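For reference, the chains in residue letters:
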Amino acid sequence: MRHEGYLRHLLVRKAARTREILVALGTTSQSPWRTQGDAESARPGDSDTVFGEDGEDCREAGRQLTEGFLEKLLDLESSGSLEGRFAGILHIVNDSQADVVRSDRTDILYGQDYFYEEILGLRFKVSVFSFFQTNTHSAEVLYETVRSYIGELGSGSPDGAPDKVVYDLYSGTGTIAQLMAVAAGRVIGVEIVEEAVLAARKNAEMNGLRNCEFIAGDVLKVLDEIAERPDLIILDPPRDGVHQTALRKIIAYGVERIVYISCKPTSLVRDLQVFREHGYQVERAVAVDQFPWTGNIEVVALLVRPHARHHDTIISSSSLKGIM
């Protein structure tokens, strides 16, 4: 509450398949040994004030603490009691007053600032702040469900080669886009977080996928800039769902099938109502428990707008509660 002190966060990310571990110790730039008098006059980021008259000694104390942290972790690995191995050990300096893990400066104490994880035969490079599903085994269930909902895309080319265009909107690090690349002629991912887009491009290159394009920007604006029209759309929006203006742009493409991946059922129900008003129906839906022991759930829904249907499927907030 006073915005004082040195230690802030310990962030640990582990890959279930490769068993690589990335650890980041988050601290402020303040002195580890500040007195109360120093604290009252300190301003985060101001080294002359933060470290007091004996600034070099305090910086040395901070260095000794991070080196001690590194030594203890490497001892843990060498002892054989660690289930995995360290890909990287980092020191993150964060003077933000918000209670979030962010970086004003990142120092690599050991190894590198990323690790690799494998999902359904593809390899992904994951950094400290990359969005990547935290539960690899459950993520594979989620993505296999998406692929089963999509089914065969078919081909309109004379030689039978894949030629369909797939939009992966809110694509993150491009996991779903790359899983779709084999069955599609071209996959276009759109994501507002530039770091995630850069990671997606590198991952696609690493996996030898040449038919994936990733665009950094807001879905609402980027849709107006893409010349190629989609044959299929995959949506994986943030918890608040799809922006209502963007939703209407998506509907205007008139694609027969849309796969909607939701991490907040109430947002999904709201958006589904708009889809239904424009002729789409929920053909299939299932919940996937990505976050065991929490109240959160992922839902995958297949929306179709065929020319003629004999049955009308309705999904409501009460029915979603029944599958949670």
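Preceding this section is the structure that the text describes.
Read on for a plain summary of the structure. Remember, predicted model here, so these are calculated numbers, not experimental data.

**Details of the overall build of the protein**
For step 1, the next point in the chain: Helix and strand counts for the protein stand at 10 helices and 13 strands.
For step 2, the next point in the chain: Intrachain contacts of the protein at a sequence separation of at least 6 include 63% that bridge at least 24 residues.
For step 3, the next point in the chain: For the protein, the accessible surface area stands at approximately 16,700 Å², while carbon and sulfur atoms represent 50% of it.

**Thoughts on the sheet that holds strand 3 (residues 85–93)**
For step 1, the next point in the chain: In space, the four strands of this open sheet follow the order 1-2-3-4, with mixed pairing throughout. Pairing within the sheet leaves two strands with one partner each, and these edge strands are strand 1 (7–14) and strand 4 (105–111). Going from strand to strand, the sheet's axes swing by 15° on average, the running direction of each strand aside.
For step 2, the next point in the chain: One ladder, built from eight bridges, connects strand 2 (residues 20–27) with strand 3; its direction is parallel. Among the inter-strand pairings, threonine 27 is bridged to a residue of strand 3, identified as valine 93.

**Side note on the environment of lysine 164**
For step 1, the next point in the chain: Position of lysine 164 relative to the elements: it lies in the loop between helix 4 (136–150) and strand 7 (165–169).
For step 2, the next point in the chain: Classification of lysine 164 as partly exposed rests on a relative accessible area of 22%.
For step 3, the next point in the chain: Between the C-alpha atom of lysine 164 and that of valine 187, which follows or precedes it by 23 residues, the distance is 8.4 Å.

**What to know about the sheet that holds strand 9 (residues 212–216)**
For step 1, the next point in the chain: Taken in spatial order, the seven strands make up an open sheet running 9-8-7-10-11-13-12, and their pairing is mixed. Edge positions in the open sheet fall to strand 9 and strand 12 (281–288), since each of these has one partner strand only. Neighbour-to-neighbour, the strand axes of the sheet open up by a mean angle of 15°, direction not taken into account.
For step 2, the next point in the chain: Note that strand 12 and strand 13 (residues 298–304) share seven bridges and pair antiparallel. Each residue of the ladder has a partner; that of valine 286, found in strand 13, is valine 300.
For step 3, the next point in the chain: Here helix 4 sits on the sheet in contact with strand 10 (232–235), strand 11 (257–262), strand 12 and strand 13, set at roughly 165° to strand 12.

**Considerations on the packing of aromatic side chains**
How two aromatic rings sit relative to each other is set out by the distance from centre to centre and by the angle between their planes.
For step 1, the next point in the chain: Scanning the model with the defined rule gives four aromatic pairs in all.
For step 2, the next point in the chain: Taking 5.5 Å as the distance between ring centres and 90° as the angle between the ring planes, the aromatic pair formed by tyrosine 167 and tyrosine 253 counts as edge-to-face. Taken together, the residues tyrosine 167 in strand 7 and tyrosine 253 in the loop between helix 8 (244–252) and strand 11 connect sequence positions 86 residues apart. For the pair tyrosine 167 and tyrosine 253, a shared accessibility class is recorded, and that class is buried.

**Some points on the pattern of salt bridges**
For step 1, the next point in the chain: All told, the structure shown has 11 salt bridges when counted by the stated rule.
For step 2, the next point in the chain: Between glutamate 228 and arginine 186 there is a salt bridge; the shortest N-O distance is 2.6 Å. Here arginine 186 lies in strand 8 (residues 186–191) and glutamate 228 lies in the loop between helix 7 (219–222) and strand 10, a separation of 42 residues in the sequence.
For step 3, the next point in the chain: Judged by its relative accessible area of 31%, glutamate 228 falls in the partly exposed class.
For step 4, the next point in the chain: Since its relative accessible area comes to 26%, arginine 186 is described here as partly exposed.

**Structural notes on helix 6 (residues 194–206)**
For an α-helix, the turn length of 3.6 residues means that residues three or four places apart are oriented alike.
For step 1, the next point in the chain: The end-to-end C-alpha distance of helix 6 is 18 Å, a good match for the 18 Å that 13 residues give at a rise of 1.5 Å each.
For step 2, the next point in the chain: Listed in full, the buried residues belonging to helix 6 are Ala196, Val197, Ala199, Ala200, Asn203 and Ala204. Buried residues along helix 6 cover an arc of 160° about the axis, so they all sit on one side. Across from the buried face of helix 6, at angles greater than 90 degrees, the exposed residues are Glu194 and Glu205.
For step 3, the next point in the chain: Contacts from the buried residues of helix 6 go to strand 6 (122–127), helix 5 (175–180), strand 8 and strand 9.
For step 4, the next point in the chain: Of the residues trailing helix 6, glycine 208 is marked for its positive phi of about 70°.

Thresholds applied
- Residues numbered from 1 in each chain as written.
- Predicted model: local features only at pLDDT ≥ 70, side-chain atom pairs only at ≥ 80, totals over all residues.
- Heavy atoms only, no water.
- Helix = DSSP H or I, 4+ residues; strand = E, 2+ residues; numbered from the N terminus.
- Contact = heavy atoms within 4.5 Å.
- Areas by Shrake-Rupley, 256 points an atom, 1.4 Å probe, with all protein chains shown as cover.
- Pairing = 2+ DSSP bridges.
- Axes fitted to C-alpha atoms, helices over the stretch in contact; angles between N-to-C directions.
- Buried < 20%, exposed > 50% of the residue type's maximum accessible area, 1.4 Å probe, protein only.
- Phe/Tyr/Trp six-rings, centres within 6.5 Å; stacked < 30°, edge-to-face > 60°.
- Salt bridge = Lys/Arg side-chain N within 4 Å of Asp/Glu carboxyl O.
- Expected span 1.5 Å × (residues − 1).
- Arc of directions from axis to C-beta.

So, to be careful, I would describe these as geometric facts and stop short of saying anything about function.
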